[in-house]
Amino acid sequence: MTDYQEAHRERELTRRTVVVAGAGGIAAAGLVGGALTTTAFAGDGADTSAEDGAGVCYRLTSETVEGPYYIDADKLRRDITEDREGIPLLLGLKVIDSETCRPIRDAAVDIWHCDAVGVYSGYENQGNGGGGGGPAPTGEPPTGTPTGEPPTGGPGGGGGGHQEPTDDTRYLRGTWRTDRHGHVTFRTVFPGWYRGRCVHIHVKVYVDGEWTDAGYEGGHACHTGQFFFDEESVLASAEVEPYASNAAERTTLTEDTIYDQSGTPGGLLKLRYDRRNIARGVRGSLTVGVDPDATQDGQGAPPQPSTSASPSASASASAETS
């Protein structure tokens, strides 16, 4: 029995309160065009070592700001989809010590992101920059580099302090532990966009804590970052509902004020999907190099990216046909 299959039997927890897993917690949700097929994500273990190169050291993955809409004490679960519609996304991560290349086991990995129309759970009244919780007003997408200061009031913007949740929704948020190989896998949907930011997923990695019956206790955040999607995949997703209904102005990857344009070390995901029909599902993977002794809570300005990198680390993410 694989670690992924065994995880089906585990309970879902919150960090402070035990929550018994609901039926089919890891099962694929019925999304665009019907239920996810069993062949869409063959091999759910999502072992990223073959793709990233076993034993290859990566430099530290870029640190970024946390953004205003992080919610602590969220559910520990692999399937964070809940009722959100969108293109199925299987996100496979490998967390390693960037100095020793050794996998970091039992780390707590948090991810959170907006839905297909740019709305974050817990902050639905913020909308996606247009207000009202739905698609923003119509308008032409930007064609040049944005001017002025980056937005701080919109969902998940690049700056601004933490904001307290305004509602009890928690879709597209969750935490899970890395296995002995440093792997962790999440089921979710391809994120949408909102004005001022490119398509992205937020992530935090916690270490030195303790897994108990009440969840993950103590420890510290050694990495706060974001994962990014190449333009080809985003443009393909925009042809599929409900993304096609998202009329918010879209910031491209090269225009984004948070992504450091460094490729894989900057959080650019490696993506695999059927280019003829992205609605079937996407597999994203990345090796995340962290310094387990550092504290990176994402509260201040992100550190400047390092200028040193291994040849493997400097490779850009690529989209592959399935």
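Preceding block: the structure.
Residues numbered from 1 in each chain as written. Predicted model: local features only at pLDDT ≥ 70, side-chain atom pairs only at ≥ 80, totals over all residues. Heavy atoms only, no water.

Novice: Explain the overall build of the protein here, please?
Specialist: Secondary structure summary: the protein contains three helices and 13 strands in total. The contacts of the protein with a sequence gap of at least 6 include a subset with a gap of at least 24, amounting to 83%. A total accessible area of about 13,900 Å² is found for the protein, and carbon and sulfur atoms account for 48% of it. (Helix = DSSP H or I, 4+ residues; strand = E, 2+ residues; numbered from the N terminus. Contact = heavy atoms within 4.5 Å. Areas by Shrake-Rupley, 256 points an atom, 1.4 Å probe, with all protein chains shown as cover.)

Novice: How should I be thinking about the pairing of strand E6 (residues 108-112) in this particular structure?
Specialist: A regular strand places its side chains on the two faces of the sheet in alternate fashion. Burial analysis of E6 places five of its five residues in the buried class, which makes it a mostly covered element. A two-sided burial pattern is seen for E6, the buried positions comprising Ala108, Asp110 and Trp112 on one face and Val109 and Ile111 on the other. As judged from the five bridges shared by E6 and strand E7 (residues 173-177), these two strands associate in the antiparallel manner. Looking at the pairing, alanine 108 lines up with arginine 177 of E7. Pairing analysis gives five bridges linking E6 to strand E9 (residues 200-212), with the strands arranged antiparallel. (Buried < 20%, exposed > 50% of the residue type's maximum accessible area, 1.4 Å probe, protein only. Pairing = 2+ DSSP bridges.)

Novice: How do you make sense of the packing of aromatic side chains when you look at a structure like this?
Specialist: Two descriptors summarise a pair of aromatic rings, namely the distance from one centre to the other and the angle between the planes of the rings. Tallied over the full model, the rule gives eight aromatic pairs. Through a chain of ring-to-ring contacts, three or more aromatic side chains come together here, namely Tyr69, Tyr120, Tyr123 and Tyr194. Over the face of the ring belonging to tyrosine 70 we find lysine 204, whose NZ or CZ atom lies 5.3 Å from the ring centre. (Phe/Tyr/Trp six-rings, centres within 6.5 Å; stacked < 30°, edge-to-face > 60°. Lys NZ or Arg CZ within 6 Å of the ring centre and 35° of its normal.)

Novice: Please clarify how the environment of glutamine 299 should be interpreted in this entry.
Specialist: Counting through the fold element by element, glutamine 299 comes out in the loop between strand E12 (282-290) and strand E13 (319-320). Distance in space between the C-alpha atoms of glutamine 299 and histidine 162 is 8.6 Å, their sequence separation being 137 residues. Within the local environment of glutamine 299, its side chain forms a polar contact with the side chain of glutamate 66, the two groups lying 3.0 Å apart. (Polar contact = N/O pair within 3.5 Å; in protein donor to acceptor, adjacent residues only side chain to side chain.)

Novice: I tried to follow the nonpolar core on my own but got confused; where do I start?
Specialist: Generally speaking, a soluble globular protein has its nonpolar side chains buried in company with each other. Of all hydrophobic cores here, the largest spans 42 residues; its most connected members are Val109, Phe227 and Phe229. Among the secondary structure elements, those contributing two or more residues to this core are strand E5 (88-97), E6, strand E8 (183-189), E9, strand E10 (215-228), strand E11 (270-273) and E12. In this view, phenylalanine 227 contacts Leu91, Leu93, Val199, His200, Ile201, Val203, Gly267, Leu269, Leu286 and Val288; residues no more than four positions away in its chain are not counted. Among the nonpolar cores identified, the runner-up in size contains eleven residues, and Ala108, Cys114, Tyr194 and Ala221 belong to it. (Core = buried A, V, L, I, M, F, W, Y, C linked by side-chain atoms within 4.5 Å.)

Novice: What exactly am I supposed to notice about the environment of aspartate 106 here?
Specialist: Within the fold, aspartate 106 resides in the loop between E5 and E6. Taking the relative accessible area as the measure of exposure, aspartate 106 reaches 31% and is therefore partly exposed. Taking the C-alpha atoms as reference points, aspartate 106 and tyrosine 206, separated by 100 residues in sequence, lie 9.1 Å from one another. Setting aside chain neighbours within four positions, we find aspartate 106 in contact with Arg177, Thr178, Asp179, Trp211 and Tyr216.

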